[in-house]
Amino acid sequence: MSNRRCPVPTGRWPRPRPLSAQPNLLLLHFLTVALNGLSRCAHACGRPAGRGGLGTGGRLRTVPQDQPCPLLHRQPIAEVQAARPRRSTAIQEIRAKREHVTSGARLVRTWLAVTVGALLGVTPSASRDLSGSRPNILLLMADDFGIGDIGCYGNDTIRTPNIDRLARDGVMLTQHLAAASVCTPSRAAFLTGRYPLRSGMVSSNGYRVLQWTGVSGGLPTNETTFAKILKDRGYATGLIGKWHLGLNCESSNDHCHHPLNHGFDHFYGMPFSMMGDCIHWELSEKRAGMERKLNVCFQIMAVAALTLTAGKLTHLTSGSWTPVIWSTMAAILLFTTSYFLGDLIVHADCFLMRNHTITEQPMHFPRTTSLILKEVSSFIQRNKQTPFLLFVSFLHVHTPLITTEKFRGKSVHGLYGDNTEEMDWMVGKILDTLDTEGLTNSTLVYFTSDHGGSLESRLRNNQYGGSNGIYKGGKGMGGWEGGIRVPGIFRWPGVLPAGRVIHEPTSLMDVFPTVVQLGGGEVPQDRVIDGRDMLPLLLGTAQHSDHEFLLHYCENFLHAVRWHQRDGGRLWKVHYTTPVFHPHGAGACYGRGVCPCFGDQVAHHDPPLLFDLSRDPSEAHALTPDTEPAFYRVMDTISRAVEEHRRTLRPVPVQLDALGNIWKPWLQPCCGLFPLCWCDRENRQA
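Residues numbered from 1 in each chain as written. Predicted model: local features only at pLDDT ≥ 70, side-chain atom pairs only at ≥ 80, totals over all residues. Heavy atoms only, no water.

## Concerning the pairing of strand β13 (residues 549-554)
Line of reasoning, step 1. In terms of burial, β13 is largely enclosed, as five of its six residues are buried.
Line of reasoning, step 2. Across six bridges, β13 lies against strand β14 (residues 557-565) in antiparallel orientation. Across the sheet, the residue bridging to Phe549 is Trp563, located in β14. (Buried < 20%, exposed > 50% of the residue type's maximum accessible area, 1.4 Å probe, protein only. Helix = DSSP H or I, 4+ residues; strand = E, 2+ residues; numbered from the N terminus. Pairing = 2+ DSSP bridges.)

## Details of the sheet that holds β14
Line of reasoning, step 1. A sheet is described by the order of its strands in space; here four strands give the open sequence β13-β14-β15-β16, paired in antiparallel fashion. Where the open sheet ends on each side, the last strands, each with one partner, are β13 and β16 (602-612). On average, each strand axis in the sheet is tilted by 15 degrees relative to the strand beside it, whichever way the strands run.
Line of reasoning, step 2. Pairing of strand β15 (residues 570-579) with β16, which is carried by seven bridges, proceeds in the antiparallel orientation. The partner of Thr577 across the bridge, within β16, is His604.
Line of reasoning, step 3. Helix-sheet contacts for helix α16 (residues 631-646) involve β13, β14, β15 and β16, and the interaxial angle to β14 is about 120 degrees. (Axes fitted to C-alpha atoms, helices over the stretch in contact; angles between N-to-C directions. Contact = heavy atoms within 4.5 Å.)

## Considerations on the side chain of Thr359
Line of reasoning, step 1. Tracing the chain through its elements places Thr359 in strand β6 (residues 357-361).
Line of reasoning, step 2. Residue contacts for Thr359: discarding those within four places in its chain leaves Tyr268, Leu352, Met353, Arg354, Cys679, Asp680, Arg681 and Glu682.

## Notes on the state of the cysteines
Line of reasoning, step 1. Applying the stated criterion across every chain yields a total of six disulfides.
Line of reasoning, step 2. Here Cys249 is linked by a disulfide to Cys256, with a sulfur-sulfur distance of 1.8 Å. With the S-S bond torsion at 90 degrees, the cross-link from Cys249 to Cys256 turns out right-handed.
Line of reasoning, step 3. For Cys249, a relative accessible area of 30% gives the class partly exposed.
Line of reasoning, step 4. For Cys256, a relative accessible area of 11% translates into the label buried.
Line of reasoning, step 5. Between Cys670 and Cys677 runs a disulfide, and the two sulfur atoms are separated by 1.8 Å. An S-S torsion of about -115 degrees defines the bridge between Cys670 and Cys677 as left-handed. (Disulfide = S-S within 2.5 Å.)

## Things to note about the packing of helix α9 (residues 287-313) against helix α10 (residues 322-349)
Line of reasoning, step 1. At their nearest, the axes of α9 and α10 sit 8 Å apart, and the two run at 160 degrees to each other. Judged by the angle between their axes, α9 and α10 are roughly antiparallel. Crossing of α9 over α10 shows left-handed handedness.
Line of reasoning, step 2. Looking at side-chain class alone, the contact of α9 with α10 contains 17 nonpolar, seven polar and three charged residues. (Parallel < 35°, antiparallel > 145°, perpendicular 65-115°, else oblique. Left-handed = near helix turned anticlockwise from the far one by under 90°. Nonpolar A, V, L, I, M, F, W, Y, C, P; charged D, E, K, R; others polar.)

So yeah, pure geometry; function would need other evidence.
Now the structure itself:
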């Protein structure tokens, strides 16, 4: 597929004006609401007392008016939307004076709107023209973070004051969705605005994420990221933290998949991912399984070597000693590899890079958090005179939950809670940097997670993964809400209305067109872009999301589809395939890393399962033709949408299948000669 970007044929975002000409959109929003009926509905939002959040039980308490409302799950979403006052813009109120007025109250309200519009200098385009310089864009993404672990989404036992402050000062999305329930494909979709199936960032054999740094798979070079587009528009672009989208193709330093080859000017962080194997943790992603296989092979070869040796010594077998020698050497090699495997993985995958240079191999974890924060601060200070795009991809809260001493033992929820609260503190330090540099009002800040919390990250009685609140399932489950519903918070002071809560379906893929158009770029026209510009929804100039249908894949298998039926206020979701939980009756696939996408451990549903998320967000009660009169109409509508979607798919090389996802020694980045990889170019006093 060509990497050429075609111009948008129907115009571009209006050219920004100086900040001095910017109307106070937040004040205008509240004035408009006040004029439109001179009243505001008040409601109390239920928050659970327990950690699970989002209506998982416990006492209810009224949320203070200066805090954003949680997800309001105790009241159906359709009813909540109906209960919210209909907001109109000042422009609509000004135009209302031309309408036929039939009541004195209407005349007064219209006269007030005209007066306010005149005082604020509002013109017919002012509410849609984002005045001032192109904003700086700061994107914050947590790793494996459950939506049920944030205060503003309903949790009141894990302390997240800085993330809550973002929500209080900005816009909170309650139906924000990842395009995949595991890291690599979700992040590919986030950067490109496309389902990962379109870029080949999926698998069909169970290898659902990149397994090693030294593999050839990765985000294809012909994919266009929002960083590429904004870099072309004069933005300074940086990525700090986790990448996990590949590194090399043919040699250990070609860096074909490197962030700097995908539009970022600056990269500092892990080209791979944080994992338990980085510290020889009991919860292992690949070391434990590989050790078991190597030990079995060693035992087989050892028995073979002993048997052959005994046969030769007792003269029961004839021939040369060559088979004995080779089987003995193989047994020794297998034993040695198994013994040193943990160290090999640490050196192969757990290292830091600055741009194209390895700076620390392996990582010295006690200082990693401070190094990340120092790099963020440095990037912002270097680029504060020009618009910048900074993607901070946290290593938190992925296992093994590396947490500094300052935060260990501080949370009532163990190591996971400690790690979460440290990440929130990091968010606060980053926001403080914006304040110090005078960039708060000119920076759009966005916070999210790449997918839901990991339920299977459990060891004995300790839970090391996140909570997904009332939502069923978690990380790795392609269709269930717990794996794909993530936090979504935007803040842009003076532009986005503070405390706004949006209950419309949105996607991580929507960030692509949103930031591209804010930065003065053009959304590519030579490929399908699945994301939709969220700005009208965030500003309140649009009532509904542009997404009518969203599809949920597990690897390259379609597991579920949702339909936002706008005319009826219903949110339907169909499941074609679901994982079989283990043990029976559990809510996850305990005993494995994640639930599978295919095979005998998934259930295929005919007819598919149907849920009404507007009334049943927990997906607890499947509807049937007997209980839902619209059952067949919903199935037919979604089926036609799936067929239309499939007509837009094109065959592309699959990046995460075996050939692209097995370790190749010639692709392994190393400070020295592998496996003797060691370097430390970082300042230990950071």
